[in-house]
Amino acid sequence: MTRPARVVFATIGSLGDLHPVLALALELRRRGHRVEIATSEFYREKISALGLGFHPLRPEMKVVDEALVRRIMDGRRGSAYLLRDLIFPAVRAMHADLARAVAGADLLVASELIYAAPILAETTSVPWVSYSLAPISLFSVYDPPLMPGPPGTHWLQSLGPLANRWLRTVAKGASYGWWRPVRELRRELGLSATRSPLFEGKFSPRLDLALFSPVLAAPQSDWPASTVQCGFPFYNETETTTALPPAVEAFLAAGPPPIVFTLGSSAVYISGNFYAESARAAESLGRRALLLLGKNSPPASLPPSILAWDYLPYATIFPHAAAIVHQGGVGTTAQALHAGRPMLVLPFAHDQFDNAARVTRLGVARTIARRHYHAASAARELNPLLGEPHYASRAAEVSRLVQAERGVAAACDALERIAP
């Protein structure tokens, strides 16, 4: 860019979706640009507190609503419900909100769920950039993502590119009815038919950012030609928050590194018996533990070796862990990779199955099915993570690679190169 630009980011979802946008927005502002974010009203206060412009964007999804989270995080049907029943029916409202937000802007940077972005790019002069936070979004047939679904699907995926092309064709056909609202809106605006917004149609031909590390997924020949892989865009909350609370500091100083148990910012609302079983697993191993509970109540009668806390910035607490047990969201996974700690992953839905499979193949993690998670099974999986040195050494090796990346800077450089 030869002059300061007005850049609008558009995203929807959990904190795992918002934090990468905050990281990029703050860096672009540091470089002298005017940055605004269009997202759920739920995040207005958080964004405004950082001094960034805010625009409301429908559909409004309150990820603190337990009933909503339970449906979205259903392992088999959650993705279909999120897209078919929540996001696609709201594309007209999303288009209206986004049109107001980008009026006069120099650049629109939108996540794949912002299905109004390609439509606006065709009907306005605002350049559009797409981005993906996890490898599953690029759906390479050469490095196929582990999709939520029956085991037979996973077996087919292992057969190679031809089988994966066939699976993608089947998925496109099965999901065709989901995005009828997109087709209807395009016809009303005088636009031609489009490719599936779940597959080819979500990538900007101008620039598509792959905002994840090559250690998680290396570039593939069937990625869009416009894709630039940048690395993880880490949002450093420690710049806007204080140090760890004194009680947490005292707990960390009182003994060996604890196992950190967390369920991110969404699955935590449907935690079930996760924290009680986790506490029992840590006790059975003779290990200290830190339970990041969110709004959940702590398990009863915790011993002094286990501390329950509501929330702590992952970038601050993960380096103090002996191991990290989490749900497999890409943001949590990225922070665990950066911290260089072994992981036990119990995926709930969406990209979490694929992220879990990838870090397991990396040699830094083990995976356990959510339905099989209890004290005995968790202890059984944690025991080798904590006792076999190759997990810790491999995690440290991968951490050095991730820490050497410049995800935020690389993404902002790419944005500055293409903005008018």
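Numbering of residues begins from 1 in every chain and follows the order in which that chain's sequence is written. Side-chain atom pairs in this predicted model are given and counted only at pLDDT of 80 or more, local residue features only at pLDDT of at least 70, and totals for whole chains, interfaces and linings cover all residues. Note that the side-chain values use all heavy atoms of the structure and ignore hydrogens as well as water.

Q: Quick rundown of the packing of helix α5 (residues 91–102) against helix α9 (residues 180–188)? Include the residues and the values.
A: Two elements in contact, α5 and α9, have axes separated by 9 Å at closest approach and are oriented at 50 degrees. The angle between α5 and α9 falls in the class oblique. Here V91, R92 and H95 of α5 come into contact with α9, specifically with P181, V182, L185 and E188. For this scheme, ten residues count as nonpolar: Ala, Val, Leu, Ile, Met, Phe, Trp, Tyr, Cys and Pro. Four count as charged, namely Asp, Glu, Lys and Arg, and the remainder, Gly too, count as polar. Split by residue class, the contact of α5 with α9 holds 4 nonpolar, 1 polar and 2 charged. All axes here are fitted lines through C-alpha atoms, helices being fitted over the stretch that makes contact, and every angle between N-to-C directions spans 0 to 180 degrees. Counting from the N terminus, the helices are DSSP H or I runs at least four residues long and the strands are E runs at least two residues long. Between 65 and 115 degrees an angle is taken as roughly perpendicular, under 35 as roughly parallel, over 145 as roughly antiparallel, and anywhere else as oblique. Throughout, a contact is declared for two residues whenever any of their heavy atoms are within 4.5 Å.

Q: Go over unusual backbone geometry, please, and point to the residues and values.
A: The residue after R58, namely P59, is reached through a cis peptide bond having omega 5 degrees. Position of P59 relative to the elements: it lies in the loop between β3 (53–56) and α3 (66–72). A positive phi is found at F139, a non-glycine position, where the angle reads about 45 degrees. In this fold, F139 is placed in the loop between β5 (128–132) and α7 (151–157). Of note in the backbone geometry, H350 takes a positive phi value of approximately 55 degrees without being a glycine.

Q: So what's going on with the pairing of strand β9 (residues 289–292)? Which residues, and what values?
A: Between buried and exposed lies partly exposed: a residue is buried under 20% and exposed over 50% of the maximum accessible area for its type, with that area taken using a 1.4 Å probe on protein chains only. Residues A289 and L291 of β9 are buried on one face, and the alternating residues L290 and L292, pointing to the opposite face, are buried as well. Alignment of strand β8 (residues 259–261) against β9, held across 3 bridges, turns out to be parallel. Each bridged residue has a counterpart across the sheet, and for F261 the counterpart in β9 is L291. By convention, orient the strands away from the viewer: a clockwise path from the first strand over the helix to the second makes the crossover right-handed. Remark: the β8/helix α11 (residues 274–285)/β9 crossover connection has right-handed handedness. Bridge count for β9 against strand β10 (residues 306–309) is 4 bridges, and the pairing is parallel. Residue pairing across strands places A289 opposite I306, the latter belonging to β10. Paired strands, in this sense, are two strands between which DSSP finds at least two bridges.

Q: Pulling in residues and values, what's your account of the pattern of salt bridges?
A: We count a salt bridge whenever a side-chain nitrogen from Lys or Arg sits within 4 Å of a carboxyl oxygen from Asp or Glu. Applying the stated rule across the entire model yields 23 salt bridges. For the salt bridge of R30 with E27, the shortest nitrogen-to-oxygen distance reads 2.7 Å. Within this pair, R30 and its partner E27 are both found in helix α1 (residues 15–30), separated by 3 residues, close to a single helical turn. Classification of R30 as exposed rests on a relative accessible area of 61%. With a relative accessible area of 14%, E27 lands in the buried category. Through salt bridges with shared partners, one network takes in E27, R30, R31, R406, D413 and E416.

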